[in-house]
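Residue-level structural notes
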Amino acid sequence: MLSPKEIKKRYKIAQTKKEQWRTIYEEAYEFCLPMRNLYDGYYEMDGTPGQDKMKRVFDSTAIHSTSRFANRIQSSLFPPQQNWCRLMPGNDVPPDQKVQAQRILDIYSERMFSVMRQSNFDLALSEYLLDLAVGTAAMLIQPGSGDIPIRYTSIPLYQITFDEGPDGDVGYVYRKYKRPFEVILQEYKDGTLPDELKKKYAEKPQANVDLLEVSYRKDNQVHYCVQTMEGDHKIVSRKLKSMPFVISRYMVVSGEVFGRGPCLYALPDIKTLNKVMELTLKNASLSIGGVFTAVDDGVLNPQTIKIQPGAIIGVSSNGGGRGPSLAPLPRSGDPNLSQIQANELRIAIKKALLDEGLPPETGNPRTALEISQRMKDLSQNLGSAFGRLINETMFPIVRRTLQLMDEMGMIELPLKIDGLQVTIQPVSELAMASNMSKLQPLLQYMQMAQGLGPSGMMALKQDAIADYILDQMGIDARLRNTPEEVKAMVQQAQAQAQQVAQMQAEMQGQGGSQASPEQNQQEPPPE
């Protein structure tokens, strides 16, 4: 395990690299997520809670679209209070045991989502996805206490920095934050505080202490520790089986560590729209209040001129014959043009943030085909980010949650979630729509095979078709029969068919022997 000085040294190097992102991240948070903006000195200078963070914001399009982006991702991949993934047996599990294994894994899945619903997962995920709209999001998953078995915490991007490990994964994760001295040992029950620190905060236990939280992999072991920034006192040191931090990037450029999200894509349009609205509002205030010129026989002093609503500028003349004593100042600018430009910018911003819904109800009626095509395009746009979201968000959250449940004795997980023994399958609405698209070629071939005769259906494994369809549709294993049960049912059906055939044969035999004497009596005598 690294010493506190080594950890602090690595943190400073990582923080120096992160500072290169400060400008664009600060602008993105200022105009898209001003309420979560910690780059304005509020956190560093112990700012007063409740301060106004929207002094330079003149248009809320980006704020609303960012919120809708997070809501859309959550409802599409992680619907609240619903099961959005399923544990399934991997290829290492024998085929004849997959249904039985699936029944056990479905029980584990249900228990996992029961724990998540009892915890604060949905709330933390919504804040997590807001940060992801900027480019990088972080979540801390730790054992809970009391009524919350597992605690999910969305960490603001401002507090997080990290190094990239092998194969593009996140290696070292650092979090610098502040906590009151009196709650440190309450949160870290296995922690220890040095006497030097106790003496310093003996008279002010409510004062904040700067802490550095770090998690990293070394020698196939996950290390976790918390230390003070001042004095390098290590408070907590643990060895874990999984990374407590979940870091996700929306899109990563080669050679970069932090991510770029749709807010950064739309940032030029967002800043332009904000400036257009600022100038439009200033022009509107001049139109409402007006600026006037007043005749002054003296020499005009430019230093005394104020271009603001209700201002009066002294001039030597207001026209021929010195003109009227008070005249309005002509104004420039076309409000209609600025409105057109603002609408075009709003459309571009909403498109970048995937904030495109159904068309408005005004105008000509929309056809069902148009609405269907719009929703199909929306699904395709959302699907571009799903791969990284599943690999960097869904899989780590599920692994960490199951690992904690196993350590707390809630489940006994005998298999590894490595894609070979146990796999994680998304079952949200959009993911199931993708699975249904996989079934279309099979269903189309089965329709075509009917015209090919018996040889057409013989090309498919009849006993495997049902299992494949049930897997793609995510049917609960409790409703499915195991191969042994299917075999027993087939044998029972065959036995019943044989009994029915035997009974029919006996009945036909008895009926023939009874009918033959009558037939002989009715036969006419030979001529």
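The structure reproduced in this document is the subject of the present report.

With respect to the overall build of the chain
- Tallying secondary structure elements over the chain gives 16 helices and 13 strands in all.
- Taking all 527 residues of the chain together, the buried fraction comes to 38%.
- In the chain, the share of contacts with a sequence separation of at least 24, taken over all contacts with a separation of at least 6, comes to 67%.
- Of the roughly 30,400 Å² of accessible surface on the chain, 53% is carried by carbon and sulfur atoms.

Points about the pairing of strand E5 (residues 170–180)
- One ladder, built from four bridges, connects strand E4 (residues 160–164) with E5; its direction is antiparallel. Opposite Thr-161, over in E5, you have Tyr-174 as the bridge partner.
- Hairpin connection from E4 to E5: five residues lie between these consecutive antiparallel strands, with Asp-167 at a positive phi of about 60 degrees.
- Note: E5 against strand E6 (residues 208–218), eight bridges, orientation antiparallel. Looking at E6, one finds that Tyr-177 is bridged to Leu-211.

Observations regarding the nonpolar core
- With 96 residues, the main nonpolar core has Trp-84, Met-139, Met-394 and Val-398 as its most contacted residues.
- At 10 residues, the largest contribution of residues to this core is made by helix H12 (residues 386–407).
- Residues in contact with Trp-84, not counting those within four places in the same chain, are Leu-77, Phe-78, Pro-79, Phe-113, Met-116, Phe-121, Met-394, Val-398, Pro-426, Val-427 and Ser-428.
- By size, the runner-up hydrophobic cluster in this structure holds 11 residues, among which are Ile-7, Tyr-172, Val-214 and Met-229.

Observations regarding helix H3 (residues 61–77)
- With 17 residues, H3 should cover 24 Å at 1.5 Å per step; its first-to-last C-alpha distance of 24 Å lies within 8% of that length.
- Most of H3 is tucked away, with 12 of its 17 residues classed as buried.
- For H3, every residue scored as buried is listed here: Thr-61, Ala-62, Ile-63, Ser-65, Thr-66, Phe-69, Ala-70, Arg-72, Ile-73, Gln-74, Ser-76 and Leu-77.

Regarding the side chain of Arg-238
- Take Arg-238: it is sitting in strand E8 (residues 234–240).
- Reaching out from Arg-238, the side chain makes a polar contact with the side chain of Asp-190 at a distance of 2.9 Å.
- Ignoring anything within four residues of it in the chain, the contact list for Arg-238 reads Met-1, Gln-142, Tyr-188, Asp-190, Val-222, His-223 and Tyr-224.

So, the sheet that holds E8
- Sheet architecture is open: five strands sit in the order E4-E5-E6-E7-E8, paired in antiparallel fashion. Only two strands of the sheet have a single partner each, and these edge strands are E4 and E8. Adjacent strand axes in the sheet meet at a mean angle of 15 degrees when their direction is disregarded.
- Relative to strand E7 (residues 221–228), E6 runs antiparallel, the two sharing eight bridges. If you follow Ser-215 over to E7, its bridge partner there is Tyr-224.
- The sheet strands contacting helix H1 (residues 4–18) are E4, E5, E6, E7 and E8, and the helix crosses E4 at an angle near 95 degrees.

A look at the pattern of salt bridges
- Within the structure shown, the criterion is met by 20 salt bridges.
- With its nearest N and O atoms 3.7 Å apart, the salt bridge here joins Asp-163 to Arg-10. On the criterion of sequence distance, the pair formed by Asp-163 in strand E4 and Arg-10 in helix H1 is long-range, its members being 153 residues apart.
- Since its relative accessible area comes to 33%, Arg-10 is described here as partly exposed.

A closer look at the packing of aromatic side chains
- Applying the stated criterion across every chain, the model contains 15 aromatic pairs.
- Here the aromatic rings of Trp-84 and Phe-121 are separated by 5.7 Å at their centres, their planes lie at 25 degrees, and the arrangement is stacked. Taken together, the residues Trp-84 in the loop between H3 and strand E1 (85–89) and Phe-121 in helix H5 (residues 121–134) connect sequence positions 37 residues apart. Of the two residues, Trp-84 and Phe-121, both sit in the buried class.
- Plain terms: the ring middles of Tyr-172 and Tyr-174 are 6.2 Å apart, the flat faces sit at 15 degrees to each other, and that makes the pair stacked. Each member of the pair, Tyr-172 as well as Tyr-174, is classed as buried.
- An aromatic cluster is defined as three or more aromatic residues linked by ring pairs; in this entry it consists of Phe-78, Trp-84, Phe-113, Phe-121 and Tyr-152.
- One residue, Arg-10, lies across the ring of Tyr-172, its end atom 3.9 Å from the ring centre.
- Positioned above the aromatic ring of Tyr-177 is the side chain of Arg-175, whose terminal nitrogen or guanidinium carbon lies 4.0 Å from the ring centre.

Focus: the packing of H3 against H12
- Two elements in contact, H3 and H12, have axes separated by 12 Å at closest approach and are oriented at 75 degrees. Our classification of the angle between H3 and H12 gives roughly perpendicular. Residues Ile-73, Ser-76 and Leu-77 of H3 lie in contact with H12, whose contacting residues are Phe-386, Leu-389, Ile-390 and Met-394.
- Residues of the contact of H3 with H12, tallied by class, amount to six nonpolar, one polar and no charged.

Examining the sheet that holds strand E9 (residues 245–249)
- Spatial ordering of the open sheet is given by E3-E2-E9, a layout of three strands whose pairing is antiparallel. Lying at the two open borders of the sheet, with one neighbouring strand each, are strand E3 (148–155) and E9. Here the strands of the sheet are splayed against their neighbours by 20 degrees on average, with no regard to which way each runs.
- Examined bridge by bridge, strand E2 (residues 136–145) and E9 share five bridges and lie antiparallel to one another. Counted as the bridge partner of Ala-138 is Ile-247 from E9.
- Lying on the sheet, H12 is in contact with E2, E3 and E9; it crosses E9 at an angle near 170 degrees.

Conventions adopted
In this convention, every chain numbers its residues from 1, walking through the sequence in written order. In view of the model being predicted, local features appear only for residues whose pLDDT reaches at least 70, and side-chain atom pairs are presented and counted only at 80 or more, with totals across whole chains, interfaces and linings using the full set of residues. Based on all heavy atoms of the structure, the side-chain values leave hydrogens and waters out of the count. In DSSP terms, a helix is any run of H or I states spanning at least four residues, a strand is any run of E spanning at least two, and both are numbered starting from the N terminus. Burial classes: relative accessible area under 20% of the type maximum marks a residue as buried, over 50% as exposed, and values in between as partly exposed (1.4 Å probe, protein chains only). Residues are treated as being in contact if the distance between any of their heavy atoms lies within 4.5 Å. Surface accessibility in these figures is a Shrake-Rupley result with a 1.4 Å probe; residues are shielded only by whichever protein chains are displayed. A pair of strands is considered paired only if DSSP assigns at least 2 bridges between the two. The set of buried Ala, Val, Leu, Ile, Met, Phe, Trp, Tyr and Cys residues whose side-chain atoms join them within 4.5 Å is what this entry labels a nonpolar core. Every helix has an expected span of 1.5 Å times one less than the residues it contains. Definition of a polar contact: a pair of N or O atoms within 3.5 Å, with one able to donate and the other able to accept a hydrogen when the atoms are protein atoms, and with sequence-neighbouring residues admitted only if both atoms are side-chain atoms. Comment: axis = line fitted to C-alpha atoms, over the contacting stretch for helices; angle = value between 0 and 180 degrees taken between N-to-C directions. By salt bridge we mean one thing: a side-chain nitrogen of Lys or Arg within 4 Å of a carboxyl oxygen of Asp or Glu. Side-chain rings of Phe, Tyr and Trp (the six-membered ring for Trp) are treated as a pair once their centres are within 6.5 Å; stacked means planes under 30 degrees apart, edge-to-face means over 60, and tilted covers the remaining angles. By definition here, charges over rings are those cases where NZ of Lys or CZ of Arg is within 6 Å of the ring centre and within 35 degrees of the ring normal. Comment on the angle field: the value is read as roughly parallel under 35 degrees, roughly antiparallel over 145, roughly perpendicular from 65 to 115, and oblique elsewhere. Three classes are used, and their members are as follows: Ala, Val, Leu, Ile, Met, Phe, Trp, Tyr, Cys and Pro are nonpolar, Asp, Glu, Lys and Arg are charged, and the others, Gly among them, are polar.

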